[in-house]
Every structure is written in C-alpha cells, then in structure tokens.
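# Commentary on secondary and tertiary structure
Chain residues, written in single-letter form:
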Amino acid sequence: MKYGVNEHGYYGDFGGAYIPEMLYPNVEELKQQYLNIINDEGFKAEFDDLLKNYVGRPSPLYHAKRYSEKYGANIYFKREDLNHTGSHKINNAIGQILLAKRLGKKRIIAETGAGQHGVATATVCALMGIECVVYMGEIDMARQAPNVSRMKMLGATVVPATSGSKTLKDATNEALRDWIGNPVDTHYIIGSVVGPYPYPDMVARFQSIISEETKKQLLENTGSELPQYVLACVGGGSNAMGMFYHFMDDESVKLVAVEAAGKGVSSGESAATTALGKEGVLHGSRTILMQTEDGQVVEPYSISAGLDYPGIGPQHAHLFKTSRARYVSITDDEALQAGLLCSQLEGIIPAIETAHALAQLEKMTFEPNDNVVICISGRGDKDLDTYIKYFGY
Ligand SMILES: *Cc1c(COP(=O)(O)O)cnc(C)c1O
C-alpha cells in the first residue's frame, strides 16, 4: 500500500517507536508477532465471528435521503453508532484482546479520557474473563461518572491518575508505568492509531473493516465500490483511518478528515492539530502535535472529549503532508448545530465527535451524482447532557 507503513515502522517522515529503554521488550514482542498473529486463519475466523455475532457487523450503509436532498448529492452514513457499546472503538478492542490471548497475556491495561475506550476495553475483558485495569484522570472520572460506573459494572478496576492535569495524558503516563512494571503478563490496549509502532498499523488494520464493508455495500447500492468523497472526524484518527483504509490507494476518492476547532482555530482553545501543530514526538511516535516554541505539549480543547487530543496518528500526519487527505476543522457551535440537524432530519442522534464530520457538509459543494460516505463513528447518548445544556431543552 502506497500510504501504508514501511518495514521500519514509518509513514514517510512519521511514525517509529520513540520509547524509553524500559518499554523496549514489550514493544519489540508486539512488533515481532502482530502480523503473524492477525494474519493467522484461526485468528481471522474468531475475529470475524465476534464482529458478526457480538458487535453486530456488518454495520449498515444507510442512504440518508433527507440529507441527500439538502446537500444535493447521494449521502451515505456508515453506521458505526449501531455497534455494541455505541461506537467504532469495539472493533479495535476485540482485535487486541484476541491478540493478547495469543500472546499469553493474563492482564489488560488501558488509558481512557472520556471513558469510551475504557468501556470498550472493559467489555472485551469481561467477554474473555481477563483482568482489566483502566487508568483515568481524576478530573475525567468526575466529568464522566456514568462511564466509570459502566466500567466497574463490567468488572474492571478504574485507577484515578492524580498527577499533573489529572486528565488523559496523565492517565497515559500511569498506564505506561504499569506496563513497564508488568512486561510479561500484561498487554496494553491503546485506543487509537497513535503510540509507538506497531500500534498505529495494528489499530488501523482492526478498524479497516469499516471501509472493507463500505466498498461492498457501495457496489450493491450504486454499482461502483468507489465514492467521490469520504468524510470522518479525527481525534487520534482511528475511525477515520478505518474509513479511509481501503480507499487510500484510489486517488480518485477524495478523503476529508475533520478536526475539532473548539472555540475557533485562533482562540487558544482548540484541538485543530494540523492547523496549529508542528512536527515532533508524542506518545511514542513522530507526528504532528500542538506544542509551544520550546516543544511543550499544548493542552487541547474541544467540547467533544473524543477529539480533545493534542496530536494525530502518524499515518494521518503523512496523509496530511502528502496532501492525500484534506484536513479541515469545525467549531463546537458548528458541531452541535449539525448534531441537532442530523437528529431532526434523519432521526439519528450522533456523538458530538461524529457531528464534526457532519458539519463539514455545510462547507462543501457537490455534483448531483456524487456519492459521499460519512463515518457515523458513534451514537450521541453519552452526549445528551451537553446537547441539552446547549440547546436548553
Ligand atoms: C473516541 C471517539 C472518536 C475519536 O477517536 P478516533 O481515534 O479519532 O476515531 C470519534 N468518535 C467517537 C464516537 C469516539 O468515541
């Protein structure tokens, strides 16, 4: 694949594994084994069976008629919101738990910000009867109490991260510390296409089911497996990478990645990484991240917890730098309005993350015969409080 990872773990200038010496054995073990394991027929059969019978795949490709009328093109929704646990995150969690079992691991750790990845991880650990420890910033635990309860009900231990800003990056540090201390029995499930190689490639492969299905469904619906446009929101970038994966090498398909502008790109409260960031190292890989002149990571902001991340995965940095994909950003206000519109035009309340991708339609013009696919990365149940506060229902 032209835009895929090379044998050294890089996508052009980006990627690699920038890790402390102490983590080397853990990451090296994964690097040596992940392709053999996930390409094994037994693995594939178990993965496919769980995606079908536990997650509920294939997720529908829905022709959104009222959206199509409004925007003057054929708009299709890829319904990851209908997956078990409510988003695309479960695809990766299933893949990684099956990998962990084959590596002989007895214990799973994860970090979580809003709690969506923590819930997906706790879910697959319950499914497999494996111990699960989720690190979560103390402040996030207070902000996202229902997800903390979900993880506990699923049998996970939730450990508060009490250092620094008590949010996602501190939870990530705690998880890494745990992994260094437990290299033999523990697997670390990272929730997006970020982190040291091989994580970005591994997570992209697990999420690539999204575009694999979409191609077949488009062929049935439109007579061609290639659309004119594909859109997805980007936090770390896993739903977008899954949605882009099997379209990347077809240069006729325009890829649009939507970041969170927060209160505006120049407001000082934003998570628009490609607009504001520079090249550097974040969470183990060389990528593009928001940083100060002297290289300190800038605290991002978005109303959507899932997009509130100061970087993007290294493959996205490569797609951005080569201009293979277009990176745009959408403000909090624009996203919330798009969430309301989707609810009232299509009867689908989207996650606020997803609403960023939907909002981008307002800024595009189409030919009447264009086929446009948007990844509906998750459902909006978790965001009802935020929507309600904003619209005053
Ligand atoms: C976590 C999340 C995202 C952002 O993560 P990516 O890795 O960029 O996909 C987007 N949408 C939903 C619903 C999420 O839960």
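These numbers were taken from a predicted model, which means no experiment stands behind them.

## Some points on helix α4 (residues 89-102)
Its 14 residues place the ends of α4 21 Å apart at the C-alpha level, agreeing with the 20 Å of an ideal helix rising 1.5 Å per residue. Burial runs high along α4: twelve of the 14 residues are buried. Of the positions making up α4, those classed as buried are Lys89, Ile90, Asn91, Asn92, Ala93, Ile94, Gly95, Gln96, Ile97, Leu98, Leu99 and Ala100. With its phi angle positive at about 80°, Gly104 sits one or two positions after the end of α4.

## Here's the deal with the sheet that holds strand β10 (residues 254-262)
If you walk across this open sheet you meet the six strands as β3-β4-β14-β9-β10-β13, and the pairing is mixed. Looking at strand neighbours, the two that pair on one side only are β3 (61-63) and β13 (325-331), the edges of this open sheet. Strand-to-strand twist across the sheet, computed as the mean angle between neighbouring axes with direction ignored, equals 25°. Against the sheet, helix α14 (residues 332-346) makes contact with β3, β4 (74-79), β10 and β13, and its axis sits at roughly 90° relative to β13, the strand it touches most. Packed on one face of the sheet, helix α15 (residues 352-359) meets β4, β9 (229-233), β10, β13 and β14 (371-376) and runs near 145° to β9.

## Focus: the domain arrangement of the protein
On domain assignment, one finds that the protein holds domain 1 (18-51 + 89-198) and domain 2 (56-86 + 208-391). A C-alpha centroid distance of 23 Å is found between domain 1 and domain 2. Both sides of the domain 1 and domain 2 interface together cover about 1,800 Å² of buried area, and 60% of this is carbon and sulfur. It is Tyr18, Leu51 and Val193 that lose the most area in domain 1 upon contact with domain 2, and together they represent 31% of the buried surface on that side. For the pair domain 1 and domain 2, the number of links is zero salt bridges. There are eight residue pairs in polar contact (both at pLDDT 80 or more) connecting domain 1 and domain 2. Contributing elements (two or more residues each) for the side of domain 1 that touches domain 2: α4, α5 (116-128) and α8 (168-181). Ranked by residues supplied to the side of domain 1 that touches domain 2, first place goes to α8 with three residues. Class assignment of the residues belonging to the side of domain 1 that touches domain 2 gives a composition of eight nonpolar, ten polar and one charged.

The rules behind the values
- Residue numbers restart at each chain and count upward from 1, following the sequence in its written direction.
- Residue-level local features of this predicted model are given only where pLDDT is at least 70; pairs of side-chain atoms are given and counted only at 80 or more, and the full residue set underlies all totals for whole chains, interfaces and linings.
- As a rule here, side-chain values come from all non-hydrogen atoms in the structure, and water together with hydrogens is ignored.
- Runs of H or I in DSSP of at least four residues are treated as helices and runs of E of at least two as strands, each being numbered from the N terminus.
- A helix's residues, less one, multiplied by 1.5 Å, set its expected span.
- Between buried and exposed lies partly exposed: a residue is buried under 20% and exposed over 50% of the maximum accessible area for its type, with that area taken using a 1.4 Å probe on protein chains only.
- By the convention used here, strands pair only if DSSP detects at least 2 bridges between them.
- A fitted line through C-alpha atoms represents every axis, and for helices the fit uses only the stretch in contact; the resulting angles, taken between N-to-C directions, go from 0 to 180 degrees.
- For this analysis, residues touch if any pair of their heavy atoms sits within 4.5 Å.
- Domain borders in the structure are assigned automatically or taken from a domain database.
- The term buried area denotes the loss of accessible surface (1.4 Å probe radius) that occurs when two parts are joined, taken as the sum for both partners.
- Salt-bridge detection follows one rule: a side-chain nitrogen of Lys or Arg within 4 Å of a carboxyl oxygen of Asp or Glu.
- Under this definition, polar contacts are N or O atom pairs within 3.5 Å; protein pairs additionally need one hydrogen-donor-capable and one acceptor-capable atom, and for neighbouring residues in sequence, both atoms have to be side-chain atoms.
- Three classes are used, and their members are as follows: Ala, Val, Leu, Ile, Met, Phe, Trp, Tyr, Cys and Pro are nonpolar, Asp, Glu, Lys and Arg are charged, and the others, Gly among them, are polar.

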